[in-house]
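# Coordinate inspection notes
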Amino acid sequence: MPSLDDLKKRITSVKSTQKITKAMKMVATAKLRKAQENAEKGRPYSERMNNIILNLSKGISDKENSSKLLVGTGKEDTHLCVVLTSDRGLCGGFNTNIIKKAKNYFDKLSKEGKRIKIVTVGMKGYDQLKRNHKDKIIKKISFKESKNVNYFDAEKIGKFILEKFELEEFDVCNIFYNKFKNVMTQIPQQQQIIPLQGKKENDTSKEQLEDIYEFEPDEDEILSNLLPKNISTQIFKAMLENSASEQGSRMTAMDNATRNAGDLVDKLSIEYNRSRQAAITKELIEIISGAESL
Amino acid sequence: MSEEFKIEIINPEKSFYVNESITEAVVPAFEGEMGILKDHISIISFLKPGIIKVITKSAEEKFYVEDGILEFKDNTLSILTSAIMDLKNIDKSILSENLKNAENDLKNTEINDQNRFLISQKIEVLKSIN
């Protein structure tokens, strides 16, 4: 049985933890609104970009000679995986979910005998992956300094990937990130960016009706200009989704933590009051029995 | 019949400019300036540094772009660009810094002809609005 003093100390400490989690929740809520707005505003750009590229790739006549970014290198021996995580912790299962998804994929690949290279974006991903996959990590990138997600950062990652691709260091590139669905749910996503995967063409009849574009300059030239840009755009999209997801996840996690702290304080308070009452009763009994024996 | 169509200028962060009723747009396409009116044929092209001019019935707006892609389809002109500025409230200091950077880039002898062309275009445009 803990003493009254101990209980009192515990109650104060839980209360101050609660204050911190509450504050973090509030900060996350404020940031979430902004991040969510940004993610939603950023969606049209990447969607349009994808659409244009799909339209273009349909129009391409000579598939063999078109850019390797579109059709691939012809083999798939080496896989590059870009794992996007956050720089800060205390955001529930946010990072763990991405890492889990990525690790499953790594296991699958290594069973098939493929080589894996990893690029981590964000401190937390590196921390979690370095234990088992340290030898495969070729670069870790962190944007701890920049406050907001910006296109410039995404472009840097994009350029790095392209550089490696031109050196033929990998054949397939995947990115892992969390897609923001709503505040409660974030879905870990895997997206292949090299070679580019189009949407599944279910409604071919509709697509045939689409009018033919005029290109200026010709398709190949536009594509070869567009594809590298698309890499950065997709990464930027992933970063935006990720930052909204991170804040959402943190908000829920901190909300739960605050509630748990509240429950704990209640429980401890009852225990404290009970033992206080017990002590008083004990003292009274002592006095009464002392008086009786006189 | 109305002669108006829709324009959307989108940059990675947001929809930069949307107007449902414009009568004409002049864009700096890669192979020369291009004027687009209603019912233009579907086209995809990309942009070089220059000025986008958007003309409505009553007004005219100008934007400075550094790169981008344009798509015109079903009387909707979409322009995707990563670097765009409204000429009305443009910051002169950013412009002159851009100009300086571009001039430095041009001195670099390792760039290829296409990039050289793009950079000199940029310098020209920047000088004209400065």
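Residues numbered from 1 in each chain as written. Chains lettered and ligands numbered in written order. Predicted model: local features only at pLDDT ≥ 70, side-chain atom pairs only at ≥ 80, totals over all residues.

All right, on to the overall build of chain A then. Each helix and strand in chain A was counted, giving seven helices and six strands. Dimensions along the principal axes, computed over C-alpha positions, put chain A at roughly 115 × 40 × 35 Å. Of all 294 residues assigned to chain A, the portion counted as buried reaches 31%. Sequence separation of at least 24 residues holds for 79% of the intrachain contacts in chain A that already meet a minimum separation of 6. (Helix = DSSP H or I, 4+ residues; strand = E, 2+ residues; numbered from the N terminus. Buried ≥ 20, exposed ≤ 12 C-beta atoms within 10 Å, placed from the backbone. Contact = placed C-beta atoms within 7 Å.)

Residue and element names in this part refer to chain B. The buried fraction of strand 9 (residues 76-80) is high, at four of five residues. For strand 1 (residues 5-10) and strand 9, the ladder comprises five bridges, and the chain directions are parallel. Bridge pairing links Ile9 to Ile79 in strand 9. The pairing of strand 8 (residues 68-73) with strand 9 spans five bridges and is classified as antiparallel. Residue pairing in the sheet places Lys73 in a bridge with Thr76 of strand 9. Between the antiparallel neighbours strand 8 and strand 9 lie two residues, among them Asp74 with a positive phi of about 45 degrees. (Pairing = 2+ DSSP bridges.)

Interface size is often expressed as the accessible area that is lost when the parts come together. Listed by partner, the interface residues are 20 residues for chain B and 21 residues for chain A. Elements supplying a minimum of two residues to the side of chain B that touches chain A: strand 5 (43-47), strand 8 and strand 9 of chain B. A breakdown of the residues in the side of chain B that touches chain A according to their chemical character gives ten nonpolar, six polar and four charged. (Nonpolar A, V, L, I, M, F, W, Y, C, P; charged D, E, K, R; others polar.)

Take the domain arrangement of chain A next. Along its sequence, chain A is carved into domain 1 (4-21 + 254-289) and domain 2 (34-250). Taking the mean C-alpha position of each, domain 1 of chain A and domain 2 of chain A sit 51 Å from one another. (Domains from an automatic or database assignment.)

With 97% of its residues at a pLDDT of 70 or more, chain B has an overall mean of 82. Scored by ipTM, the complex comes to 0.74, with pTM at 0.82. (pLDDT = per-residue confidence, 0-100.)

Moving on to the domain arrangement of chain B. Residue and element names in this part refer to chain B. When its domains are assigned, chain B resolves into domain 1 (5-86) and domain 2 (92-129). Look at where the C-alpha atoms of domain 1 and domain 2 centre, and you get two points 22 Å apart. Counting from both sides, the interface comprises six residues of domain 1 and, opposite them, five residues of domain 2. Class assignment of the residues belonging to the side of domain 1 that touches domain 2 gives a composition of three nonpolar, one polar and two charged.

Let us now look at the nonpolar core. Of all hydrophobic cores here, the largest spans 82 residues; its most connected members are A:Val82, A:Val83, A:Leu84 and A:Phe176. With 14 residues, the single largest contributor to this core is helix 7 (residues 219-292) of chain A. (Core = buried A, V, L, I, M, F, W, Y, C linked by C-beta atoms within 7 Å.)

Residue and element names in this part refer to chain A. Here we have five strands laid out as an open sheet, ordered 3-2-1-4-5, and mixed in their pairing. Two strands in the sheet have a free side with no partner beyond their single neighbour: strand 3 (137-141) and strand 5 (186-194). Each strand of the sheet is rotated relative to its neighbour by a mean of 20 degrees, with strand direction disregarded. Pairing between strand 4 (residues 172-180) and strand 5: eight bridges, direction antiparallel. In the sheet register, Asn178 faces strand 5, and the bridge partner there is Pro188. Packed on one face of the sheet, helix 7 meets strand 1 (78-84), strand 4 and strand 5 and runs near 35 degrees to strand 4. (Axes fitted to C-alpha atoms, helices over the stretch in contact; angles between N-to-C directions.)

One face of the sheet, then the other: side chains in a regular strand alternate in exactly this way. Residue and element names in this part refer to chain B. Across six bridges, the pairing between strand 6 (residues 50-55) and strand 7 (residues 60-65) is antiparallel. Across the sheet, Ile52 pairs through a bridge with Phe63, a residue of strand 7. For strand 7 and strand 10 (residues 84-86), the ladder comprises three bridges, and the chain directions are antiparallel. Each residue of the ladder has a partner; that of Val65, found in strand 10, is Ile84.

The next subject is the environment of B:Phe117. Residue placement: B:Phe117 occurs in helix 2 (residues 113-129). C-beta crowding within 10 Å serves as the criterion here: with 13 such atoms nearby, B:Phe117 is assigned to the partly exposed category.

Further remarks concern the confidence of the model for chain A. Per-residue pLDDT for chain A has a mean of 84; in total, 91% of the residues score no lower than 70. Across residues 200-209 of chain A, where pLDDT falls below 50, the model places one contact with residues more than four positions away in sequence or in other chains.

All names here are of chain B. Direction vectors running N to C along helix 1 (residues 92-107) and helix 2 enclose 150 degrees, while the axes themselves pass 9 Å from each other. The orientation of helix 1 relative to helix 2 falls into the category roughly antiparallel. Our pair here, helix 1 against helix 2, has a crossing hand that is left-handed. Where helix 1 approaches helix 2, its residues Leu95, Asn98, Leu99, Ala102, Glu103, Asp105 and Leu106 are matched on the opposing element by Arg116, Ile119, Ser120, Lys122, Ile123, Leu126, Lys127 and Ile129. Looking at the contact of helix 1 with helix 2 residue by residue, the class counts come to eight nonpolar, two polar and five charged. (Parallel < 35°, antiparallel > 145°, perpendicular 65-115°, else oblique. Left-handed = near helix turned anticlockwise from the far one by under 90°.)

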